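Listed here are the chains, written in short residue letters.
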Amino acid sequence: MTNENERLELEKINNQIISEFSKTLEMFSLNKTEAQLFVTLYLNGAPMTLNEMRDALGKSKTAMSYSIRRLLEFNLVERVFQKGVRQDLYEARQDLYKKFMKTYVNRWLDSLNLQIDNLADIQDTMGGNCPNDEKKLLEHKIEEAISFHRSLETVFSKIKKNDFL
């Protein structure tokens, strides 16, 4: 019975690690399932099939398929080959800090560029329908918003350019 108790204790600890570690990863804009899946792959130490992921997390195979595609897009996992295994196998990439920071910084930069473009489009389409004083105030506020976004863009560009990534 001790072996069973030890196995249950290890499973409990593993689940706690998955829960806590995935909370951190959720701050990098992964959803809960994606974060839990990444941690599961990272802790497993061996490549896993979608069926093994489904069994480990108790989620649907569809949820695992969607989540693994997102993790592949972010370059956080990779598909691996194992002779004699017909199903696709996946494993977590090991350089956590670099991968997550690179993904996070690139997502911020993409989002900031989109917001700057959208604000500039709004600015360009402002017509003469507003009273002049209100129009000037709105133009000023848009300029401030664009300036704010550009400041953030500068910070994230410096992070990307330096040796942090």
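Refer to the structure above for everything that follows.
Here the residue numbers are simple positions, counted from 1 along each chain's written sequence. Per-residue local features are limited, in this predicted model, to residues with pLDDT of at least 70; the limit for side-chain atom pairs, both in listing and counting, is 80 or more; totals at the level of whole chains, interfaces and linings are taken over all residues. Derived side-chain values reflect all non-hydrogen atoms in the structure, with water molecules and hydrogen atoms excluded from consideration.

(A) Up close: the overall build of the chain. When its secondary structure is counted, the chain shows six helices and two strands. Only DSSP runs of H or I reaching four residues or more are called helices, and only runs of E reaching two or more are called strands; each is numbered from the N terminus. For the chain, the N- to C-terminal ordering of α and β elements is α-α-α-α-β-β-α-α. Taken over the C-alpha trace, the chain has a radius of gyration of 23 Å; the compact-globule value for 165 residues is 15 Å, which it surpasses by more than 25%. Throughout, exposure labels follow a simple rule: accessible area from a 1.4 Å probe, protein chains only, divided by the maximum for the residue type, with under 20% read as buried, over 50% as exposed, and the rest as partly exposed. Taking all 165 residues of the chain together, the buried fraction comes to 28%. Residue contacts follow a heavy-atom distance rule, with two residues in contact if any of their heavy atoms lie within 4.5 Å. Relative to all contacts within the chain whose residues are 6 or more apart in sequence, the contacts with residues 24 or more apart total 56%. When the accessible surface of the chain is totalled, it reaches about 11,100 Å², and 51% of it is carbon and sulfur. Averaging the coordinates of the 24 positive side-chain charges in the chain and doing the same for the 25 negative ones gives two points 4 Å apart. The atom set for the radius of gyration is the C-alpha atoms, and the globule formula is 2.2 Å times the number of residues raised to the power 0.38. Working definition of accessibility: Shrake-Rupley area with a 1.4 Å probe, residue cover restricted to the visible protein chains. Asp and Glu count as negative and Lys and Arg as positive, but His and the ends of the chain are not part of the count. Positions of charges follow a simple convention, taking NZ of Lys, CZ of Arg, CG of Asp or CD of Glu.

(B) The arrangement of the packing of aromatic side chains in detail. Pairing of aromatic rings covers Phe, Tyr and Trp, the last through its six-membered ring, and needs centres within 6.5 Å; plane angles under 30 degrees mean stacked, over 60 mean edge-to-face, and all others mean tilted. Evaluation of the coordinates by the stated rule reveals four aromatic pairs. Both rings, one in Tyr 104 and one in Trp 108, keep their centres 6.4 Å apart while their planes meet at 70°; by these two values the pair is edge-to-face. One end of the pair is Tyr 104 and the other is Trp 108, both in helix α5 (residues 96-125) and four residues apart, which spans about a single turn. Judged by relative accessible area, which is 22%, Tyr 104 ranks as partly exposed. You can call Trp 108 partly exposed: its relative accessible area is 31%.

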